[in-house]
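Tertiary structure, described
Spelled out, the chains give:
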Amino acid sequence: MILFRHANVRATRECYFPICRGAILLTSLLLAGPATAFGQNATAAKQDAVAAKADAKTDTRTPTFENVSYGPHERNVFDLWLAKSDKPTPLLIFIHGGGFVTGDKRWARNNPAVAQCLASGVSFASLNYRFREHANIQEILRDAARAVQTIRSRAKEWNIDPDRIASFGSSAGAGTSLWLAFHDDLADPQATDPVLRQSSRLAAAGSLDGQFSYDFREWRDFLGPCEFERPTSEWLSFYGFQSDEQSKTDAADKVMKDCSMIGLIGKDDPPVAVASAMGDGKFINQSHYVHHPKHSSLIAERCKEKGVECLLVLSDDEGKRDQMKQREKVVQFLIEKLKSEPAAKK
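Residues numbered from 1 in each chain as written. Predicted model: local features only at pLDDT ≥ 70, side-chain atom pairs only at ≥ 80, totals over all residues. Heavy atoms only, no water.

Counting its secondary structure elements, the protein chain contains 13 helices and nine strands. Burial statistics for the protein chain: of 346 residues in total, 56% are counted as buried. Taking contacts inside the protein chain between residues at least 6 apart in sequence as the whole, the part at least 24 apart equals 79%. Surface accessibility of the protein chain: about 14,200 Å² in total, with carbon and sulfur atoms responsible for 50%. (Helix = DSSP H or I, 4+ residues; strand = E, 2+ residues; numbered from the N terminus. Buried < 20%, exposed > 50% of the residue type's maximum accessible area, 1.4 Å probe, protein only. Contact = heavy atoms within 4.5 Å. Areas by Shrake-Rupley, 256 points an atom, 1.4 Å probe, with all protein chains shown as cover.)

The subject of this paragraph is the packing of helix α2 (residues 112–119) against helix α13 (residues 323–340). Interaxial distance between α2 and α13 falls to 10 Å at its minimum, and their mutual angle equals 30°. When the interaxial angle is binned, α2 and α13 end up roughly parallel. Remark: the crossing between α2 and α13 carries right-handed chirality. Contacts between α2 and α13 pair Pro112, Ala113, Gln116 and Cys117 from the former with Arg327, Glu328, Val331, Gln332 and Ile335 from the latter. Residues of the contact of α2 with α13, tallied by class, amount to five nonpolar, two polar and two charged. (Axes fitted to C-alpha atoms, helices over the stretch in contact; angles between N-to-C directions. Parallel < 35°, antiparallel > 145°, perpendicular 65-115°, else oblique. Left-handed = near helix turned anticlockwise from the far one by under 90°. Nonpolar A, V, L, I, M, F, W, Y, C, P; charged D, E, K, R; others polar.)

Before going further, it helps to examine the pattern of salt bridges. Overall, the coordinates contain 18 salt bridges when judged by the stated rule. The closest approach of N and O atoms between aspartate 269 and arginine 201, which form a salt bridge, is 3.1 Å. A residue pair is termed long-range when its members are at least 10 positions apart, and aspartate 269 in the loop between α10 (261–264) and β8 (272–276) and arginine 201 in the loop between α5 (172–182) and β7 (204–208) qualify at 68 residues. Grouping residues by exposure puts aspartate 269 and arginine 201 together as buried. Look at the salt bridges and you will find they share partners, linking Glu66, Asp79, Lys105, Arg106 and Arg109 into a network. (Salt bridge = Lys/Arg side-chain N within 4 Å of Asp/Glu carboxyl O.)

In the structure shown here, the tally under the stated rule is 19 aromatic pairs. An angle of 20° between the planes, with centres 5.2 Å apart, marks the rings of tyrosine 239 and phenylalanine 241 as stacked. When its relative accessible area of 8% is taken as the criterion, phenylalanine 241 is described as buried. (Phe/Tyr/Trp six-rings, centres within 6.5 Å; stacked < 30°, edge-to-face > 60°.)

All right, on to the environment of aspartate 253 then. By the secondary structure assignment, aspartate 253 is in helix α9 (residues 250–257). Residues aspartate 253 and arginine 217, spaced 36 residues apart in sequence, show a C-alpha to C-alpha distance of 10.0 Å. A distance of 2.8 Å separates a polar atom in the side chain of aspartate 253 from a polar atom in the side chain of arginine 217. (Polar contact = N/O pair within 3.5 Å; in protein donor to acceptor, adjacent residues only side chain to side chain.)

Once that is clear, we can look at the side chain of glutamine 149. Checked against the element boundaries, glutamine 149 lands in helix α3 (residues 137–153). The class of glutamine 149 is buried, set by a relative accessible area of 3%.

On to the pairing of β8, then. Of all the five residues making up β8, five are buried; the element is thus mostly covered by neighbouring parts of the structure. Here β8 runs beside strand β9 (residues 310–314); their pairing, made up of five bridges, is parallel. Each bridged residue has a counterpart across the sheet, and for alanine 275 the counterpart in β9 is valine 313. (Pairing = 2+ DSSP bridges.)

Non-glycine residue serine 171 carries a positive phi angle of around 50°. Locating serine 171 in the fold gives a position in the loop between β6 (160–170) and α5. We note that aspartate 209 has phi near 55°; this positive angle belongs to a residue other than glycine. One can find aspartate 209 in the loop between β7 and α6 (217–223).

Turning to the packing of α3 against α5, a few remarks are in order. Following both chains from N to C, one finds α3 and α5 inclined at 65°, their axes separated by 10 Å at the closest point. With respect to the hand of their crossing, α3 and α5 are arranged in right-handed fashion. Packed against α3, whose contacting residues are Leu141, Arg142, Ala144, Ala145 and Val148, the element α5 presents Thr176, Trp179 and Leu180 at the interface. Of the residues assigned to the contact of α3 with α5, the class counts are six nonpolar, one polar and one charged.

It is worth spelling out the nonpolar core at this point. Counting residues in each nonpolar core, the largest one holds 64 residues, and the members touching the most others are Ile93, Tyr129, Ile151, Phe182, Tyr239 and Ile299. The leading source of residues in this core is α3, at eight residues. Grouped together as the second largest cluster of nonpolar side chains are 26 residues, Leu92, Val122, Ala166 and Leu338 included. (Core = buried A, V, L, I, M, F, W, Y, C linked by side-chain atoms within 4.5 Å.)

Now for the side chain of serine 247. Relative to the helices and strands, serine 247 resides in helix α8 (residues 244–247). On the basis of relative accessible area, serine 247 is assigned to the buried category, the value being 3%. Side-chain polar atoms of serine 247 contact the backbone oxygen of aspartate 244, separated by 2.6 Å.

This part takes up α5. The element α5 is extensively covered by neighbouring structure, given that 11 of its 11 residues are classed as buried. Listed as buried for α5 are Ala172, Gly173, Ala174, Gly175, Thr176, Ser177, Leu178, Trp179, Leu180, Ala181 and Phe182.

Another aspect to go through is the state of the cysteines. On inspection of all chains with the given rule, the structure shows zero disulfides. In this model cysteine 310 remains outside any disulfide bridge; the closest cysteine sulfur is found in cysteine 303, 4.5 Å from its own. (Disulfide = S-S within 2.5 Å.)

This next bit is on the confidence of the model for the protein chain. Low pLDDT marks regions whose predicted coordinates should not be analysed in detail. For the protein chain, per-residue confidence averages 83 on the pLDDT scale, and 77% of positions sit at 70 or higher. Counted against residues more than four places away or in other chains, residues 1–60, with its pLDDT under 50, gives 187 contacts. (pLDDT = per-residue confidence, 0-100.)

Quick look at the structure:
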């Protein structure tokens, strides 16, 4: 998990960015190596190690249940911390970052967010999902949806309120959380698998240095040309496309549109909090391009346009950033929504 530095909430600009189906774009999101993939670079990993060591002094809780399976793959598992309560508790799910090529649910261990939730009577979960070497992005996103559905299917067993489930994460986990919040319900009442009959919808979601879309055709249109773009040949495998020609079919268009968080936002979607600890301005490297605050601002602007509640947390004008305070603010927002608002329906 990337921890954040001090931020002030700033109003979003009232402007609209039209979606143009222009030339295909590859970004550093698609690189296979963890050092350059979005979500967790070497610097962030070091920060995590330092933070975990410091946090261990204040919170040494271990999960109530560990490695609970929610699917057939070995990475389809989550850890669960249950808050003590006589009544069903809300649940906040952490989805780790790592560019869909690295990362682990254990990043939540000893994280203050766990204690913050449990102290508020909110249970906490941290999940793993398949990496890009195992599945395409559209399948990885549905791993997270199935985890939500699995928890709902066992909500009574764990004393969890199935209508009060939210998620948050950093970078890849942030984008996944936004995708869950904005995507239509994946519940299939006719499914032979009872888990898939459950709702995949969230009551709220949080994004820490997340992306606005995983339909990479939109990046040039929304973010503008950038020297850190990648050739088409490098991003096709992200969706499992075998050729440039395949990426231009109606079926491929449907897949990519379904991976656009900003394109999925509708008026009935749940409240979200989006934060970025990155400095504004011209892109200076791949990580800045992938985690630029404009990603968060774009989500906030579209939410405002659609009438969806959105808390935007950005670095202050002097560039001072307190990552931990940003995370705390986002988590507190989610706790308040879980304890006061009904689940969103769509």
